[in-house]
Amino acid sequence: MGAATLYDKLWDEHVVRYQGDTALLYIDRQLIHEVTSPQAFEGLRIHGRQPRRPEANLAVPDHNVPTTRRAAGILDPVARLQVETLERNCAEFGITLFGMGDPRQGIVHVIGPEAGFTLPGTTMVCGDSHTSTHGAFGALAFGIGTSEVEHVLATRCLVQRKSKSMLISVDGAVGPGITAKDLVLAIIGEIGTAGGTGYVIEFGGAAIRALSMEGRMTVCNMAIEAGARAGLIAVDEKTIDYVRGRPYAPRGELFERAAAHWRTFHSDPGAVFDRTVHLDGGSIKPQVTWGTSPEMVAPIDGRIPNPESMGDPGRAEGVRRALAYMGLTAGTRISDIRPDKVFIGSCTNSRIEDLRAAAAVAKGRKVADSIKLAMVVPGSGPVKEQAEAEGLDAIFREAGFEWREPGCSMCLAMNADRLEPGERCASTSNRNFEGRQGYGGRTHLVSPAMAVAAAVAGHFVDVRDL
Amino acid sequence: MQPFANFTGVVCPLDRSNVDTDAIIPKQFLKSIQRSGFGPNLFDEWRYLDTGEPGRDNSGRPLNQGFVLNDPRYAGASILLTRANFGCGSSREHAPWALADYGFKVILAESYADIFFNNCFENGILPLVLDPEVIDRLFAQAGGPDALRIAVDLEGQALTLGNGEVIPFEVHPYRKHCLQHGLDEIGQTLQHVEAIAAYEERRRQQAPWLFA
Ligand code: SF4
């Protein structure tokens, strides 16, 4: 046996059988939400199939839930039917559900780790592309479509072909005030949104190892925005400490036995990757996206590039289209861009550490008059409770932010939280695609600290200069 | 799933890279609990001048005449020609459902996002990866006054253009097999249920905490 990568180890441990160059891969855990599951349950019903190991699934509604007046229920009848359908399906098929009224409810990728349902060394799927988040635990976690949700429910397996492996090493230490979000945006700026296509990316290097588990989840969350099948980070003592004591994690002697196994989930010295990319952590500045793809990103002291000076005509056309949509012109200083709304939330940046970082900037400051709405949407019930126990909600309210109930909210604007056409938003979410936060809405992706800084200043500004 | 039959179809050229699944089928349509009926809202934001809503009749909506799907040359198109990284973004299978519901059976692109690529096969759509030069050439032909028609032969793994030119393509043998026979992939996997049970038994020994 030669030196194996983390990905090799995860893969090998989960192969049920090979058939040619594909494998039947065993899936330890599945997360389920209301949007991508109804047709999967319907498929089971049509074929008269039952879920194999229903206890290996955990369901939660998050995309459609309101972030206000929860007691009033969901006003939109179509969305309500979808959430009720999830409730009915879970009851019928014996699947645990953190329902809308459950204190543990939250964004699917926040509650998995929080509940200890996400465990190192496992395979994990969800009908949601940001399932890559759970790779932060040294788990092979990836998004799937609804047919595959049904496939996993019925068989616990998926037919998979092994991806290529890429190591992205962020070397050295990042400067003070630089967050996981800046790091991952810089990575995507470097390799591009299709740079990871066909790969599973392992993030390594001193700057990654220095991140908290929350920070690692932010990085892996956005691996999908680099086109990767999954993102991975090696297990270390931080991983194990995070999992210890969580409701669905093993306990006592079984935990110690599990932890011993989990500690093997790292790439061996000398393991060979198909591609390796190095970034210098020390040179990374706070990042702000200016276009309609996460790769259209610049440091806060940068300017919007000029499509006319781009060699590649296809790329130039993409930038022209993006600038027209964003209502921006080439050469504009990033710090001259003025958002109308500010959104702090999403599975990228709605964990307790994100809210602490945002509150630290908001404390004693006021949201600028030019900002029409600034909102904080915690990732889950437990995050909200913890933040309130620390008084973060009061800091946000005093500064002029709205403090909401947990859910996906304005990350994708499926509920009432959305941008109006032409409105510009500083957002801690992960996608700045056309219309993502509402028809005609314009999204700039930033870290929580940078979002608050923009809210306070009325324009993007280097949070380190505040 | 219907078996994939050879056919000849009109090519609709969508000259963009990084077309994301939200552009293919906007989020408001994801609230549906059905698998069908998404075709009229395929590319909704580009195709119409107003905003679509689920359950609304689309026949009276103002059309964006500049958008390819509304160009009479491409009426009834069943082959979509596009650029790189098609289907990026959200994993929603509503995207291939909408494409299939509209009538697209084949997609020609330089590259695809992973999840979308898999989702296509699950829904009887054949997504083909072609060289950028070939894609460029097809765009030039599809943009002419007469629509480009291509004959698709899955068995022989070849596209034949009107001028007789043949373009071979690659497709994974397992995917090809499932498409050709319209197989239920879950049924295929369930044939290995004993291997799955044996794996679970081994795993129960090795990682009992996953079975607690
Ligand atoms: S927060 Fe946004 S990205 Fe995350 S699961 Fe919800 S909609 Fe998807």
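Our structure is the block above this text.
This report concerns the structure included in the present document. Given the structure is predicted, the values throughout are model-derived calculations rather than measurements. Along each chain, numbering runs from 1 in the same order as the chain's sequence is written. The lettering of chains begins at A and the numbering of ligands begins at 1, in the order of writing. In keeping with the predicted nature of the model, local features appear solely for residues at pLDDT of at least 70, side-chain atom pairs appear and are counted solely at 80 or more, and the whole-chain, interface and lining totals rest on all residues. No hydrogens and no water enter the side-chain calculation; it runs on all heavy atoms of the structure.

Vacant regions in the atomic arrangement are exposed by a probe of water-molecule size rolled over the atoms. Residues and elements named next belong to chain A. Points on a 1 Å grid over protein atoms alone make up a cavity when a 1.4 Å probe fits among them but cannot get out, and a pocket when they form an open set with protein on both sides within 12 Å along at least five of seven lines; lining residues each have an atom within 4 Å of a point. Grid points are joined across faces, edges and corners, and a volume is the space filled by probe spheres set on the points. Applying the stated criterion across every chain yields a total of three cavities of 30 Å³ or more. By volume, the largest cavity amounts to about 210 Å³. If you go around the largest cavity, you meet 22 residues; those closest to its centre are H63, D128, H130, L412 and R436. For this classification, Asp, Glu, Lys and Arg are treated as charged, while Ala, Val, Leu, Ile, Met, Phe, Trp, Tyr, Cys and Pro are nonpolar and the rest, including Gly, are polar. In terms of residue class, the lining of the largest cavity is built from seven nonpolar, 11 polar and four charged.

Once that is clear, we can look at the pattern of salt bridges. Whenever Lys or Arg places a side-chain nitrogen within 4 Å of a carboxyl oxygen from Asp or Glu, that contact is recorded as a salt bridge. If you walk through the whole model with that rule in mind, you get 43 salt bridges over all chains. Among the salt bridges present, the one from E42 of chain A reaches R45 of chain A, with a minimum N-O distance of 2.9 Å. Of this pair, E42 of chain A and R45 of chain A are both found in helix α2 (residues 38–47), three residues apart, which corresponds to roughly one turn of the helix. Categorising residues by exposure relies on relative accessible area from a 1.4 Å probe, with only protein chains included: less than 20% of the type maximum marks a residue as buried, more than 50% marks it as exposed, and the intermediate range marks it as partly exposed. Of the residues examined, E42 of chain A reaches a relative accessible area of 36% and is grouped as partly exposed. The network of salt bridges with common partners includes D44, D50, R56 and R61 of chain B. In this description a helix means any DSSP run of H or I spanning at least four residues, a strand means any run of E spanning at least two, and both kinds are numbered starting from the N terminus.

Turning our eyes to something else, we now look at the nonpolar core. Buried residues of nine kinds, namely Ala, Val, Leu, Ile, Met, Phe, Trp, Tyr and Cys, make up a nonpolar core once their side-chain atoms join them within 4.5 Å. Core analysis: the largest hydrophobic core is formed by 79 residues, its most contacted members being I168, F203 and W262 of chain A. At eight residues, helix α6 (residues 180–191) of chain A tops the list of elements feeding residues into this core. Note on contacts: a residue pair qualifies if any of its non-hydrogen atoms lie within 4.5 Å across the two residues. Beyond its immediate stretch of four places on either side in the chain, W262 of chain A contacts L119, P120, V235, I240, V243, P250 and F255 of chain A together with W209 of chain B. Residues I107, M296, A358 and F401 of chain A belong to the second largest nonpolar core, which totals 58 residues.

With that out of the way, let us pick up the packing of aromatic side chains. All names here are of chain B. Pairing of aromatic rings covers Phe, Tyr and Trp, the last through its six-membered ring, and needs centres within 6.5 Å; plane angles under 30 degrees mean stacked, over 60 mean edge-to-face, and all others mean tilted. Applying the stated criterion across every chain, the model contains 20 aromatic pairs over all chains. A centroid spacing of 6.1 Å and a plane angle of 20 degrees characterise the contact between F38 and W97, whose relative ring orientation is stacked. Placement of F38 in the loop between α1 (21–24) and α2 (44–47) and of W97 in helix α3 (residues 94–102) is noted, with a sequence separation of 59 residues between them. Between W46 and F67 the ring centres are 6.0 Å apart and the planes differ by 55 degrees, which places this aromatic pair in the tilted class. In this pair, W46 sits in helix α2 while F67 sits in the loop between α2 and β2 (79–81), placing the two residues 21 residues apart along the sequence. Residue W46 is classed as buried on the basis of its relative accessible area, which comes to 13%. The rings of F86, Y112, F116, F117 and F121 are connected pair by pair, giving a single aromatic cluster. The criterion is that NZ of a Lys, or CZ of an Arg, lies within 6 Å of the ring centre and within 35 degrees of the ring normal, and then a charge sits over that ring. Above the face of the F7 ring, K105 is positioned so that its terminal group lies 4.7 Å from the ring centre.

Attention now goes to the interface of chain A and chain B. With 71 residues of chain A in contact, the opposing surface of chain B contributes 55 residues. Buried surface area refers to the total accessible area, computed with a probe of radius 1.4 Å, that the two partners give up upon joining, counted for both partners together. Counting each side, the surface lost to burial between chain A and chain B is near 5,300 Å², with a carbon and sulfur contribution of 54%. Among the residues chain A hides against chain B, the three largest losses belong to Q39, R52 and Y439 of chain A. Together they make up 12% of the total. Counting every contact that joins chain A to chain B gives seven salt bridges. For the salt bridge of E200 of chain B with R52 of chain A, the shortest nitrogen-to-oxygen distance reads 2.8 Å. Elements with a minimum of two residues in the side of chain A that touches chain B: α1 (6–14), β1 (15–19), β2 (22–26), α2, α3 (77–93), α5 (146–155), β8 (157–161) and α10 (252–262) of chain A. Per element, the largest residue contribution to the side of chain A that touches chain B is seven residues, and it comes from α5 of chain A. Of the residues contributing to the side of chain A that touches chain B, the split by class is 25 nonpolar, 25 polar and 21 charged.

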